[in-house]
Amino acid sequence: MSMKEGGAAAGPGHVAIIMDGNGRWAEERGMSRSAGHQKGAERVREIVKVAPDLGIRVLTLFAFSTENWRRPGYEVSVLMSLFRRYIVREVDALDQDEVEVRFLGDRSRLPRDLRRLMTVMEERTRGHTKLRLQIALSYGARAEIVHAVRHLAAEVEAGRRSAESIDEAAISAALYTGGVPDPDLVIRTSGEFRISNFLLWQAAYSEFAFVDECWPEFDVPALERVLASYGTRERRFGGLRASG
Ligand code: FPP
């Protein structure tokens, strides 16, 4: 699918979101952290639904990091169940809405049944062009770069390419996001100012928006406010201000 053209003229074609603050949102309300994650999953549904109408062609969501494996077993299993449920409940609607879903990350650590559901989701939605939804699951950007470099090194070892042929485009292509344009805008919710090992290579020239809302309260108007503020920024990619 071609994602270079189309979408709202001044809007970000690719939006990536670090969905942070589910636990805090719930704890502040005397609810369990699991309830916060559940509310977070509802927000995912809403945001995915409106994304194409807001000119978004690619939406990348950070759902579970390689570091999240260190959380208590109970919380990890709640999250895995939420991901299973999301796939089972949403696969028909996403297919109908012409959303292509891809998962980014190290699948080997995920439960086998979840991995199977992820494959079903990807196969069912392959080829759709209204929105590409990338869900980062068991994802870490450094691990992704290591994976890409090993792949390229193996190609050199096998005599299929030369070391000199490894350039920025070759590394980009070997990442989990290969073939997809870099994010224009990276949003992080819940008032934290960190990138937390998310899309380190791909976000080299991205704009960043850090918002105070926790993910469960990041609703459509909140997303629209961030997009409106993005529209007023001038991106220079290291060049000079356009004169005029
Ligand atoms: C961060 O909140 C959020 C997560 C670790 C999980 C993200 C998962 C969802 C939004 C649920 C469903 C997702 C999909 C794709 C269906 P936190 O627990 O780190 O919050 P805290 O920093 O307040 O503890």
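Reading guide: rules and limits
- Residues numbered from 1 in each chain as written.
- Predicted model: local features only at pLDDT ≥ 70, side-chain atom pairs only at ≥ 80, totals over all residues.
- Heavy atoms only, no water.
- 1 Å grid on protein atoms, 1.4 Å probe; cavity = no way out; pocket = protein on both sides within 12 Å on 5 of 7 lines; lining within 4 Å.
- Points joined across faces, edges and corners; volume = space filled by probe spheres on them.
- Helix = DSSP H or I, 4+ residues; strand = E, 2+ residues; numbered from the N terminus.
- Nonpolar A, V, L, I, M, F, W, Y, C, P; charged D, E, K, R; others polar.
- Buried < 20%, exposed > 50% of the residue type's maximum accessible area, 1.4 Å probe, protein only.
- Contact = heavy atoms within 4.5 Å.
- Axes fitted to C-alpha atoms, helices over the stretch in contact; angles between N-to-C directions.
- Parallel < 35°, antiparallel > 145°, perpendicular 65-115°, else oblique.
- Left-handed = near helix turned anticlockwise from the far one by under 90°.
- Core = buried A, V, L, I, M, F, W, Y, C linked by side-chain atoms within 4.5 Å.
- Near = heavy atom within 4 Å.
- Polar contact = N/O pair within 3.5 Å; in protein donor to acceptor, adjacent residues only side chain to side chain.
- Areas by Shrake-Rupley, 256 points an atom, 1.4 Å probe, with all protein chains shown as cover.
- Sits in = over half its atoms within 2 Å of the grid points.
- Expected span 1.5 Å × (residues − 1).
- Bend = angle between axes of the 7 residues up to and from the residue.
- Phe/Tyr/Trp six-rings, centres within 6.5 Å; stacked < 30°, edge-to-face > 60°.

Here's the deal with the layout of surface pockets
Thought 1: Computed from the structure, the largest pocket encloses a volume of approximately 710 Å³.
Thought 2: In this structure, the largest pocket is lined by 33 residues; those nearest its centre are Met19, Asn22, Phe62, Ala63 and Asn68.
Thought 3: Those elements that provide at least two residues to the lining of the largest pocket are helix 1 (22–28), helix 2 (33–50), strand 2 (58–65), helix 3 (73–96) and strand 4 (131–139).
Thought 4: The class makeup of the residues in the lining of the largest pocket is 17 nonpolar, 8 polar and 8 charged.

Section: the side chain of Thr177
Thought 1: Along the chain, Thr177 turns up in the loop between helix 6 (168–174) and strand 5 (185–188).
Thought 2: Owing to a relative accessible area of 7%, Thr177 belongs among the buried residues under this scheme.
Thought 3: In this view, Thr177 contacts Leu104, Gln134, Glu144, Leu199 and Gln202; residues no more than four positions away in its chain are not counted.

Comments concerning the packing of helix 2 against helix 3
Thought 1: Axis separation between helix 2 and helix 3 bottoms out at 10 Å; the angle between their running directions is 25°. As summarised for this structure, helix 2 and helix 3 are arranged roughly parallel, according to the angle between their axes. Judged by the sense of rotation from one axis to the other, the crossing of helix 2 with helix 3 is right-handed. Contacts from Arg33, Ser34, His37, Gln38, Ala41, Val44, Arg45 and Val48 of helix 2 reach helix 3 at Tyr74, Glu75, Val78, Leu79, Leu82, Arg85, Tyr86, Arg89, Glu90 and Leu94.
Thought 2: Residue classes in the contact of helix 2 with helix 3 are distributed as 9 nonpolar, 3 polar and 6 charged.

Some details on unusual backbone geometry
Thought 1: At Ser190, a residue that is not glycine, the phi angle is positive and equals roughly 75°.
Thought 2: Checked against the element boundaries, Ser190 lands in the loop between strand 5 and strand 6 (207–210).

So, the nonpolar core
Thought 1: Counting 47 residues, the largest nonpolar core has Ile17, Val48, Ile56, Leu59, Leu133, Ile187 and Phe218 as the members making the most contacts within it.
Thought 2: Element by element, the count of residues in this core is highest for helix 3, at 9 residues.
Thought 3: Apart from residues lying up to four places away in sequence, Ile17 is in contact with Ile47, Leu59, Thr60, Leu61, Phe62, Ile187, Phe198 and Trp215.
Thought 4: By size, the runner-up hydrophobic cluster in this structure holds 11 residues, among which are Ala16, Ala136, Tyr139 and Val186.

Observations regarding the site of the ligand
Thought 1: The environment of the ligand is made up of 18 residues, and the closest members are Met19, Gly23, Arg24, Arg33 and Arg71.
Thought 2: Between the ligand and the protein, one listed contact pairs an oxygen atom with a side-chain N or O atom of Asp20 at 3.1 Å.
Thought 3: About the coverage of the ligand: the protein hides 93% of its 620 Å² of free accessible area.
Thought 4: With respect to the pocket detection grid, the ligand is positioned in the largest pocket.

Some remarks on helix 3
Thought 1: Between its first and last C-alpha atoms helix 3 spans 35 Å; for 24 residues at 1.5 Å apiece the expected length is 34 Å, and the two agree.
Thought 2: Within helix 3, the axis deviates most sharply at Glu90, by approximately 50°.
Thought 3: Turning to helix 3, its buried residues number three or more, namely Glu75, Val76, Val78, Leu79, Met80, Leu82, Phe83, Tyr86, Ile87, Glu90, Val91 and Leu94.
Thought 4: Buried-residue contacts for helix 3 involve helix 2, strand 2, strand 3 (99–104), helix 4 (112–125) and strand 4.

Examining the packing of aromatic side chains
Thought 1: This model, assessed by the stated rule, comprises 10 aromatic pairs.
Thought 2: Taken together, a centroid distance of 5.7 Å and an interplanar angle of 85° make the contact between Phe62 and Tyr139 edge-to-face. Taken together, the residues Phe62 in strand 2 and Tyr139 in strand 4 connect sequence positions 77 residues apart. Just as Phe62 is buried, Tyr139 falls in that class too.
Thought 3: Where Tyr139 meets Phe198, the ring centres are 6.1 Å apart and the plane angle is 85°; that geometry is what we call edge-to-face. Of the two residues, Tyr139 sits in strand 4 while Phe198 sits in the loop between strand 5 and strand 6, which places them 59 residues apart along the sequence. Residue Tyr139 shares its accessibility class with Phe198, and that shared class is buried.
Thought 4: By the ring-pair criterion, three or more aromatic residues cluster together here, those being Phe62, Tyr139, Tyr176 and Phe198.

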